[in-house]
Amino acid sequence: ILPPRLVDILNLPAKEQNLRVSGWLRTRRDAPSFSFLELNDGSCLQGLQIIAEHNLPGWESLHKQITTGAALAVRGRLMPSPARGQRLELRADEITVLGTADASYPLQKKRHSFEFLRSITHLRSRTNALGAVARVRNTLSSAIHQFLQAQGFIQVHTPLITTSDCEGAGEMFTVTTLSGTADYSRDFFGRHAGLTVSGQLQAEVYAMSHSRVYTFGPTFRAENSNTTRHLAEFWMLEPEVAFCDLEGDMRLAEALLRFVVGELLQKNAEDLALFDQRLEPGLLDKLRRFTTTPFQRLTYTEAIERLQSSPHPFAVPVSWGMDLQAEHERYLAEELVVGPLFVTNYPASLKPFYMRLDEGEQTVAAMDLLVPGIGELAGGSQREERLEVLEARMRTAGMDPAQYGWYLDLRRFGSAPHSGFGLGFERLVLFCTGSANIRECIPFPRTPGSAPC
Ligand code: 4AD
Ligand code: MG
């Protein structure tokens, strides 16, 4: 349907042929009688080198417009290249400038800092690093769908506007109208509503009819997200599975992550090599190990014991019942285990109302997946399927069960054991690219003070 992209052209056999390519000029180097133009169309990291002889028709006026950032269409002959580091080059027969870019174009040849690039989110996807992140994100997203579809999961589109604060952490943004009845707490047609913090509760509805479902979409948190790991708007994958316990939930998370990282290693080798070189030395090895090493498991109680007996000086002292801090998670995943690690069976008091109470009623059937360099990559649980226990947990959490009648109905009518987890998609991109900041892992980061685009 459409003409070939650069990635298709760069994989053609090295024999002469005529073709036409379009893209944006990355760099230009002038020799006395010709110029090297590097064109990129975002389909791959590598650009196509174009040789433009200075006797091309119209060169006199053209060459002033062939500047970094300009959009060009080039007709020419694709040839084997004598230059090192590239198989092919294009000898131009005709160049058309589709759109010029003057000297005020902010992406000039030097390497720009990520901080600077964040101030021009509308242009940063044209750089090598952010261009590669976008391709990596795409592969990971597509591989997630591929894996779950192959396992018989059905994708459910859960709502973004909702009245349920799934995590119960009071981190919901409120929805309001611009026409403003001024009652901001009841502005969704006379009711209170907010932006979803998680699609889980609605995914549970469909798990109770379709057994294996997932939702994968934007979620919102009004927490102060001024860290390198938090966004106010992030994408979350949430599988939800009926007739599945915590153990099955962890097996699913592990198999899914192994698969998607394996796909990434296969499909984005060039992009990952760039990150390995520029952002995280050893990234490729880390990702290869990730696809072959079984994830470790540790209960919360065991984790606390290990932390207490470790010689490591923690800023926050460790005691049973406390929430693990970043320093503790790092120690567990980076020094104790050195690899991905599920911490399970957290104290009930630390976790949301919907997690299934363990025997003894002190802990819940929860899991957090910790990975080196990131901390929490995913979190999930077996859900509380017993009506009375769930109602009691809601009251303990200060919730009004009457407001969650629909959710409790799932326990009244055909209740069944079920489990699920939430994977922070940008955290996965962070892990796979070696980026230092989650703001580089989403096209348009939403954080306090983010750019207006
Ligand atoms: O641990 P969380 O809050 O779990 C839930 O929302 C569950 N309802 C998920 C479920 O069981 N279906 O969030 C899940 C994951 C975290 O492990 C983390 O990776 C990511 O979402 N996450 C964030 N990512 C970026 N910015 C934030 N502010 C995030 N908050 C959570
Ligand atoms: Mg969590």
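Predicted model, so just to flag it, every value in this text is computed and none were measured.

1. Structural notes on the overall build of the protein chain
Phase 1: Looking only at helices and strands, one finds 13 helices and 15 strands in the protein chain.
Phase 2: Reported as C-alpha extents along the three principal axes, the dimensions of the protein chain are approximately 85 × 60 × 45 Å.

2. Comments concerning the site of ligand 1
Phase 1: Around ligand 1, a shell composed of 23 residues is seen, among which Ser198, Gln200, Gly379, Gly422 and Gly424 lie nearest.
Phase 2: Where the shell around ligand 1 is concerned, the elements lending two or more residues are strand E10 (233-242), strand E14 (375-382), strand E15 (418-424) and helix H13 (425-433).
Phase 3: A total of 5 residues in the shell around ligand 1 trace back to one element, the largest contributor, which is E14.
Phase 4: Here the shell around ligand 1 is built from residues that sort into 7 nonpolar, 9 polar and 7 charged.

3. Describing the nonpolar core
Phase 1: The biggest cluster of nonpolar side chains holds 83 residues, and the ones touching the most others in it are Val429 and Cys432.
Phase 2: Beyond its immediate chain neighbours, meaning those up to four positions away, cysteine 432 contacts Val136, Leu140, Val261, Leu264 and Leu287.
Phase 3: Grouped together as the second largest cluster of nonpolar side chains are 16 residues, Leu39, Leu48, Ala52 and Ala70 included.

4. As for unusual backbone geometry
Phase 1: Despite not being glycine, serine 211 shows a phi value in the positive range, around 70°.
Phase 2: Relative to the elements of secondary structure, serine 211 occurs in the loop between helix H5 (200-210) and strand E9 (212-220).
Phase 3: Of the residues examined, serine 211 has 17 C-beta atoms within 10 Å and is grouped as partly exposed.
Phase 4: The phi angle at phenylalanine 243 is positive, at roughly 60°, despite the residue not being glycine.
Phase 5: Residue position: phenylalanine 243 is located in the loop between E10 and helix H6 (246-267).

5. A look at H5
Phase 1: Across the 11 residues that make up H5, a large majority, 8, are buried.
Phase 2: Backbone geometry just after H5 places serine 211 at a positive phi near 70°.

6. Digging into the sheet that holds strand E5 (residues 88-99)
Phase 1: Reading around the circumference, E1-E2-E3-E5-E4 is the order of the 5 strands in this closed barrel, with mixed pairing throughout. This sheet shows a mean twist of 55° between the axes of neighbouring strands, independent of strand direction.
Phase 2: By the bridge criterion, 6 bridges tie strand E2 (residues 34-40) to strand E3 (residues 48-53) in an arrangement that is antiparallel. Directly across from phenylalanine 36, in E3, lies its bridge partner isoleucine 51.

7. Here's the deal with the sheet that holds E9
Phase 1: If you walk across this open sheet you meet the 8 strands as E6-E9-E10-E15-E14-E13-E12-E11, and the pairing is mixed. If you trace the sheet from one side to the other, it starts and ends with strand E6 (154-155) and strand E11 (296-299), each paired once.
Phase 2: Where strand E13 (residues 366-371) lies against E14, 6 bridges are found, and the strand directions are antiparallel. What sits directly across from leucine 370, in E14, is glutamate 376.
Phase 3: Sitting on the sheet, helix H9 (residues 300-308) touches E11 and strand E12 (341-344), and the angle it makes with E11 is about 90°.

8. Thoughts on the domain arrangement of the protein chain
Phase 1: Assigned domains within the protein chain: domain 1 (6-99) and domain 2 (124-440).
Phase 2: Centre-to-centre, using C-alpha coordinates, domain 1 lies 45 Å away from domain 2.
Phase 3: Tallying the contact residues gives 5 residues for domain 1 and 7 residues for domain 2.
Phase 4: Within the side of domain 1 that touches domain 2, the residues separate by chemical class into 3 nonpolar, 2 polar and no charged.

9. Side note on the environment of valine 371
Phase 1: Residue placement: valine 371 occurs in strand E13.
Phase 2: Considered as a pair, valine 371 and valine 337 are 34 residues apart in the sequence and their alpha carbons are 9.7 Å apart.
Phase 3: Apart from residues lying up to four places away in sequence, valine 371 is in contact with Ala333, Pro340, Leu377 and Phe431.

10. Some points on helix H4 (residues 128-150)
Phase 1: The end-to-end C-alpha separation of H4 is 33 Å, in line with the 33 Å expected for 23 residues at 1.5 Å each.
Phase 2: Among all positions in H4, only Ala129, Leu130, Ala132, Val133, Val136, Arg137, Leu140, Ile144, Phe147 and Leu148 are buried.
Phase 3: Just beyond H4, the residue with positive phi is glycine 152, at close to 85°.

11. Observations concerning the packing of helix H11 (residues 387-396) against helix H12 (residues 405-412)
Phase 1: Between H11 and H12, the least distance of the axes is 9 Å, while the angle of their chain directions is 155°. Taken together, H11 and H12 sit at an angle that is classed as roughly antiparallel. Between H11, through Leu387, Leu390 and Glu391, and H12, the contact on the second element is made entirely by Leu408, Arg411 and Arg412.
Phase 2: Among the residues forming the contact of H11 with H12, the class breakdown is 3 nonpolar, no polar and 3 charged.

12. Re the pairing of E3
Phase 1: Judged by which residues are buried, E3 turns out to be one-sided: Leu48, Ile50 and Ala52 face inward and are buried, whereas Gln49, Ile51 and Glu53, on the alternate face, are not.
Phase 2: Two elements, E3 and E5, share 3 bridges in a ladder whose sense is parallel. Across the sheet, the residue bridging to isoleucine 50 is leucine 90, located in E5.

Analysis parameters
- Residues numbered from 1 in each chain as written.
- Chains lettered and ligands numbered in written order.
- Predicted model: local features only at pLDDT ≥ 70, side-chain atom pairs only at ≥ 80, totals over all residues.
- Helix = DSSP H or I, 4+ residues; strand = E, 2+ residues; numbered from the N terminus.
- Near = placed C-beta within 6 Å.
- Nonpolar A, V, L, I, M, F, W, Y, C, P; charged D, E, K, R; others polar.
- Core = buried A, V, L, I, M, F, W, Y, C linked by C-beta atoms within 7 Å.
- Buried ≥ 20, exposed ≤ 12 C-beta atoms within 10 Å, placed from the backbone.
- Contact = placed C-beta atoms within 7 Å.
- Pairing = 2+ DSSP bridges.
- Axes fitted to C-alpha atoms, helices over the stretch in contact; angles between N-to-C directions.
- Domains from an automatic or database assignment.
- Expected span 1.5 Å × (residues − 1).
- Parallel < 35°, antiparallel > 145°, perpendicular 65-115°, else oblique.

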